[in-house]
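Residues per chain, in single letters:
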Amino acid sequence: MANAARRVGAESSATRALIVEAAEQVMLEEGYAAASTRRVAARAGLKPSLVHYYFPATEDLLLAVNHKGAAEGDRRLEEALASPDPLRALWKTMTDTSQTALALETMALANHRKAIRTEIARHVEEVRARQVAAFERLLGERMTRFAGPPEALALVLTGIGRALIMEGALGVSAGHAEAAKWVEGLLDALMPAGEG
């Protein structure tokens, strides 16, 4: 007789959310390698067996932390695109440093966990497609001012934004003000402020 599928706690559970939040805090304070079941359980004030009830494997918990961060990024993207000045709001989300520490930990984790790397790549591709669709909708023929396809614009803005954030976290600032000014000039050429 095959083993019955192991029961896993509901995704909508407040306890599950508490565990994910505790894992995120451990990652932020001590690094992803410290996010063991015991350490997360202690941080959440729970027994390790309860963490295992919701997350049978540590990788399940780490994926949940990644999904939480991705959902927050998706929310900020949609908020930016719905704003009166979507291009500048989108650029602001691309240079927002509030999630830098978690992003760095998640990227380091992805270097060691294939499932995390795969999930991050899938989400980045999905976000990139949404950015491209937004540029096509917002800019239309104005894309010729950029002299490139919307996919290139999405990658250029994302790449510059990531460089500013990642290097800034290291204390590097050489060229940052100039790059930010160049992007702002590009956005002004594509869509003058307030025209969105």
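Since the model is a prediction, treat every value here as computed from it, not as a measurement.

Okay, the overall build of the protein next. Tallying secondary structure elements over the protein gives 10 helices and 0 strands in all. In sequence order, the secondary structure elements of the protein are arranged as α-α-α-α-α-α-α-α-α-α. Each of the 196 residues in the protein was classed as buried or not, and the buried ones make up 38%. Here the analysis covers contacts within the protein between residues at least 6 apart in sequence; of these, 65% occur between residues at least 24 apart. Counting only carbon and sulfur atoms, one obtains 56% of the accessible surface of the protein, whose full area is about 11,000 Å². If you average the places of the 23 positive and of the 25 negative side-chain charges in the protein, the two averages end up 6 Å apart.

Rolling a probe over the atoms, with the probe sized like a water molecule, indicates the empty space that remains. Quantified by volume, the largest pocket comes out at close to 970 Å³. Contributing to the lining of the largest pocket are 29 residues, with Gly73, Arg76, Ala103, His123 and Arg162 lying nearest its centre. Going through the elements one at a time, helix 4 (58-81), helix 5 (86-94), helix 6 (100-110), helix 7 (114-139) and helix 9 (150-170) are the ones with two or more residues in the lining of the largest pocket. Take the lining of the largest pocket: its biggest share by element is 8 residues, from helix 4. Here the lining of the largest pocket is built from residues that sort into 13 nonpolar, 10 polar and 6 charged.

This part takes up the side chain of Glu24. Note on placement: Glu24 falls in helix 1 (residues 14-30). Here Glu24 falls in the buried class, since its relative accessible area comes to 9%. Setting aside residues no more than four positions away along its own chain, Glu24 makes contact with Val65, Lys68 and Leu102.

This part takes up the side chain of Glu119. With respect to the secondary-structure elements, Glu119 resides in helix 7. Among the polar contacts listed, one links the side chain of Glu119 to the side chain of His67, at a separation of 3.3 Å. A distance of 2.5 Å separates polar atoms of two side chains, one belonging to Glu119 and the other to Arg122. In this structure, Glu119 is in contact with Leu63, Asn66 and His67, ignoring residues within four places of it in sequence.

Another point: the packing of helix 6 against helix 7. Here helix 6 crosses helix 7 at 125°, and the two axes come no closer than 7 Å. One element, helix 6, and the other, helix 7, form an angle in the oblique class. On helix 7, the residues touching Thr106, Met107, Leu109 and Ala110 of helix 6 are Ile116, Arg117 and Ile120. Of the residues that constitute the contact of helix 6 with helix 7, the class distribution is 5 nonpolar, 1 polar and 1 charged.

In the structure shown here, the tally under the stated rule is 16 salt bridges. Close ionic contact of Arg122 with Glu126 constitutes a salt bridge, the shortest N to O distance being 2.9 Å. Placement of the pair is Arg122 and Glu126 together in helix 7, with a separation of 4 residues, close to one helical turn. Taken together, the shared-partner salt bridges in this structure form one network comprising Asp74, Glu78, Glu119, Arg122, Glu126 and Arg130.

Turning our attention to helix 10 (residues 176-190). Helix length check: helix 10 (15 residues) gives 21 Å between terminal C-alpha atoms against 21 Å at 1.5 Å per residue, within 8%. Lining the buried residues of helix 10 we find helix 5, helix 7, helix 8 (143-146) and helix 9.

Here we take up helix 6. When we look at burial in helix 6, the residues that qualify are Thr100, Leu102, Thr106, Leu109 and Ala110. Packing partners of the buried residues in helix 6 comprise helix 1, helix 4, helix 7 and helix 9.

What counts, and where the lines are drawn
Residues numbered from 1 in each chain as written. Predicted model: local features only at pLDDT ≥ 70, side-chain atom pairs only at ≥ 80, totals over all residues. Heavy atoms only, no water. Helix = DSSP H or I, 4+ residues; strand = E, 2+ residues; numbered from the N terminus. Buried < 20%, exposed > 50% of the residue type's maximum accessible area, 1.4 Å probe, protein only. Contact = heavy atoms within 4.5 Å. Areas by Shrake-Rupley, 256 points an atom, 1.4 Å probe, with all protein chains shown as cover. Lys, Arg positive; Asp, Glu negative; His and termini not counted. Charge placed at Lys NZ, Arg CZ, Asp CG, Glu CD. 1 Å grid on protein atoms, 1.4 Å probe; cavity = no way out; pocket = protein on both sides within 12 Å on 5 of 7 lines; lining within 4 Å. Points joined across faces, edges and corners; volume = space filled by probe spheres on them. Nonpolar A, V, L, I, M, F, W, Y, C, P; charged D, E, K, R; others polar. Polar contact = N/O pair within 3.5 Å; in protein donor to acceptor, adjacent residues only side chain to side chain. Axes fitted to C-alpha atoms, helices over the stretch in contact; angles between N-to-C directions. Parallel < 35°, antiparallel > 145°, perpendicular 65-115°, else oblique. Salt bridge = Lys/Arg side-chain N within 4 Å of Asp/Glu carboxyl O. Expected span 1.5 Å × (residues − 1).

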